[in-house]
Amino acid sequence: MEFPGNIAVMGGGSWATALAKLLMSNCETITWYMRRDDRIDEFRRLRHNPAYLTDVPFDIERIEFSSDINKVCQSCDTLLLAMPSPYFKDHIAKLDVDISDKAVVSAIKGIVPDENELITDYMVHRFGVAPSKTLVISGPCHAEEVALDRPSYLTIGCTDIDRAASFARCIAGNNTHTITSSDVDGIEYAAVLKNVYAIAAGIIHGMKKGDNFLAMLVSNAIREMERFIDAVNPRPRQICDSVYLGDLLVTAYSRFSRNHNFGSMIGKGYSVQAARMEMEQTAEGYYGTKCIHDINEHHEVVMPILDGMYDILYRRVSPAKAFSRMAESFD
């Protein structure tokens, strides 16, 4: 069957909902996996996601809902993964059907916890998916703004550029612009790191350190990101492209950024645990900080911002002390 064939959206959150909306503008039907039957029943009754982006209506007659992950993966040709990275392994562990012939598109901006492995690499090694059939979606594109039909920019990465272009056509629209890239690993690592730096930006906001200091953080963060990605996956790339710098900027500054909001609570005096409990959605940068910190033990890239965030989030170092150390490295 010609790629992408029947597409399954895997996840029930805001990002999955926004991507489903894009797909339904270009596809006759989609399959949608959600783990909770009660959520599916409410979706069918209300004709919108009952928990996320509730203002976005759907033509539910064109959606095949299911809470059976094996049924969905067996019947579909392309699996669009859009669940939070901390829960990814729990979802995917239920799979006992062969998906080695499927295409997998990761919209997860995180790393597999405990494995410290990129989502696409995990799908290759764990399930035998061909590397040329793994794709990623990233870029400066908040789910809320997609839902509001504001101009949005998505980069689709795949080592097979023709495959990337084919999937790009499935999610493109009047206000959704698509870019293709072959830098799969670089895009995935950037998507993890920008969440870490967004927490740092939020802490600065909560501590009322001001825009000047925030600008220094972001300008140093993009260089730190470049150093790390070049160390783990050396290849030509332009770090100022939207999928790297653009995604960092929107996540660091936007009021829609859950990572920024999580950091802001810490900056205002919440403990890390209290801020995590207060958040209604997952701040993926919390988990990404530990994953990248562990990975960097093997590469030893100079990463003062990441190290400072690890100190705050996992070693109970005060934000004031951690940022004082960070500032010494800023230039």
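Check the entry above for the structure.
What comes next is a walk through the structure. Not measured: the values here are computed from a predicted model. (Residues numbered from 1 in each chain as written. Predicted model: local features only at pLDDT ≥ 70, side-chain atom pairs only at ≥ 80, totals over all residues. Heavy atoms only, no water.)

1. Overview of the overall build of the chain
Filter applied, for reference: Strands are runs of DSSP state E lasting at least 2 residues, helices are runs of H or I lasting at least 4, and numbering of each runs from the N terminus. All radius of gyration figures rest on C-alpha atoms, and the globule criterion is 2.2 Å times the number of residues raised to 0.38. Relative accessible area decides the class of each residue, using a 1.4 Å probe on protein chains only: under 20% of the type maximum gives buried, over 50% gives exposed, and in between gives partly exposed. Contact criterion: two residues are considered in contact whenever any of their non-hydrogen atoms come within 4.5 Å of each other. Accessible surface is estimated by sampling points in the Shrake-Rupley manner with a 1.4 Å probe; for residues, cover comes only from the protein chains shown. A positive count includes Lys and Arg, and a negative count includes Asp and Glu. His and the chain ends are not counted in either. In this description, the location of a charge corresponds to atom NZ of lysine, CZ of arginine, CG of aspartate or CD of glutamate.
Each helix and strand counted, the chain has 15 helices and ten strands in total. Against the 2.2 N^0.38 benchmark of 20 Å for 331 residues, the chain shows a C-alpha radius of gyration of 19 Å, consistent with a compact globule. Taking the principal axes of the C-alpha coordinates as reference, the chain spans close to 55 × 40 × 40 Å. The proportion of buried residues among the 331 residues of the chain is 57%. The long-range share in the chain, meaning contacts at least 24 apart out of those at least 6 apart in sequence, stands at 70%. Surface exposure of the chain reaches about 14,300 Å², of which carbon and sulfur atoms provide 46%. Of the charged side chains in the chain, 34 are positive and 44 negative; the average position of the first set lies 5 Å away from that of the second.

2. Some details on the packing of aromatic side chains
What counts is decided by this rule: Whether two aromatic rings pair depends on their centres lying within 6.5 Å, for rings of Phe, Tyr and Trp, where Trp uses its six-membered ring; planes under 30 degrees apart make the pair stacked, over 60 edge-to-face, and the rest tilted.
Tallied over the entire structure, the rule returns 14 aromatic pairs. Arranged with centres 5.4 Å apart and planes meeting at 65°, the rings of Trp32 and Phe58 form a pair that is edge-to-face. Here the residue Trp32 occupies a position in strand S2 (residues 30-33), and Phe58 occupies one in the loop between helix H2 (37-46) and strand S3 (63-66), the gap between them amounting to 26 residues. Just as Trp32 is buried, Phe58 falls in that class too. Relative to Tyr287, the ring of Tyr286 lies with its centre 5.1 Å away and its plane at 90°, an arrangement referred to as edge-to-face. Judged by relative accessible area, which is 10%, Tyr286 ranks as buried. In textbook terms, an aromatic cluster arises when at least three aromatic residues are bridged by ring pairs, as seen for Phe262, Tyr286, Tyr287, Tyr310 and Tyr314.

3. Description of helix H13 (residues 284-299)
Here is the rule: By definition here, a helix of n residues has an expected span of 1.5 Å times n minus one.
Compared with the 22 Å implied by 1.5 Å per residue over 16 residues, the 22 Å span of H13 between its first and last C-alpha is a close match. Where H13 is concerned, the buried positions are Glu284, Gly285, Tyr286, Gly288, Thr289, Cys291, Ile292, His293, Asp294, Ile295 and Asn296.

4. Topic: the nonpolar core
The condition is simple: Residues grouped as a nonpolar core are buried Ala, Val, Leu, Ile, Met, Phe, Trp, Tyr and Cys residues, joined through side-chain atoms within 4.5 Å.
Core analysis: the largest hydrophobic core is formed by 54 residues, its most contacted members being Met225, Phe228, Phe262, Met309 and Phe323. Listed by contribution, the elements that provide at least two residues to this core are helix H8 (184-207), helix H9 (211-232), helix H10 (242-253), helix H11 (258-267), helix H12 (272-278), H13, helix H14 (304-314) and helix H15 (319-329). Here this core takes 13 residues from H8, the largest share from any one element. Sequence-distant contacts of Phe228, that is, excluding residues within four places in its chain, are made with Tyr189, Leu193, Ile292, Ile295, Asn296, Val301 and Met303. Formed by 42 residues, the second largest nonpolar core is a distinct cluster that contains Cys27, Val56, Ala82 and Ala147.

5. Digging into the pattern of salt bridges
Filter applied, for reference: Any carboxyl oxygen of Asp or Glu that lies within 4 Å of a side-chain nitrogen of Lys or Arg is treated as forming a salt bridge with it.
For the coordinates displayed, the defined rule picks out 16 salt bridges. For Glu61, the salt bridge goes to Arg47, with nearest N and O atoms at 2.7 Å. Within this pair, whereas Glu61 is found in the loop between H2 and S3, its partner Arg47 is found in the loop between H2 and S3, the two being separated by 14 residues in sequence. Overall, the relative accessible area of 57% leaves Glu61 in the exposed class.

6. What to know about the sheet that holds strand S5 (residues 103-106)
As a reminder, the rule being used: A pair of strands is treated as paired once DSSP finds two or more bridges between them. Only the stretch in contact is used when fitting a helix axis, every axis being a line fitted to C-alpha atoms; angles between N-to-C directions are given from 0 to 180 degrees.
An order of S3-S2-S1-S4-S5-S8-S9-S10 is seen for the eight strands of this open sheet, with the pairing classed as mixed. Single-partner strands in this sheet number two, and they are S3 and strand S10 (176-181). Taking each pair of neighbouring strands and ignoring which way they run, the sheet shows an average axis angle of 20°. In this sheet, S2 lies alongside strand S1 (residues 7-10) in parallel orientation, the contact comprising three bridges. Following the sheet pairing, Val9 is matched in S2 by Trp32. Sitting on the sheet, helix H7 (residues 161-171) is in contact with S1, strand S4 (78-81), S5, strand S8 (134-138), strand S9 (152-157) and S10, with an inclination near 170° to S10.

7. A word on the state of the cysteines
Using the following cut-off: Note on terminology: disulfide denotes any pair of cysteine sulfur atoms within 2.5 Å.
Counted under the stated rule, the structure contains zero disulfides. Looking at Cys73, it has no disulfide partner, and the nearest cysteine sulfur is the one in Cys76, 7.6 Å off. Judged by relative accessible area, which is 1%, Cys73 ranks as buried. No disulfide involves Cys141; its sulfur sits 16 Å from the nearest other cysteine sulfur, which is in Cys170. Judged by its relative accessible area of 6%, Cys141 falls in the buried class.

8. Concerning unusual backbone geometry
Cis rather than trans, the peptide bond between Phe3 and Pro4 has omega equal to 5°. Here Pro4 is to be found in the segment before S1. One non-glycine residue with positive phi stands out, namely Glu300, at about 55°. Following the sequence through the fold, Glu300 ends up in the loop between H13 and H14. Using a relative accessible area of 67% as the deciding quantity, one classes Glu300 as exposed.

Everything listed is a geometric property; what it means functionally is a separate question.
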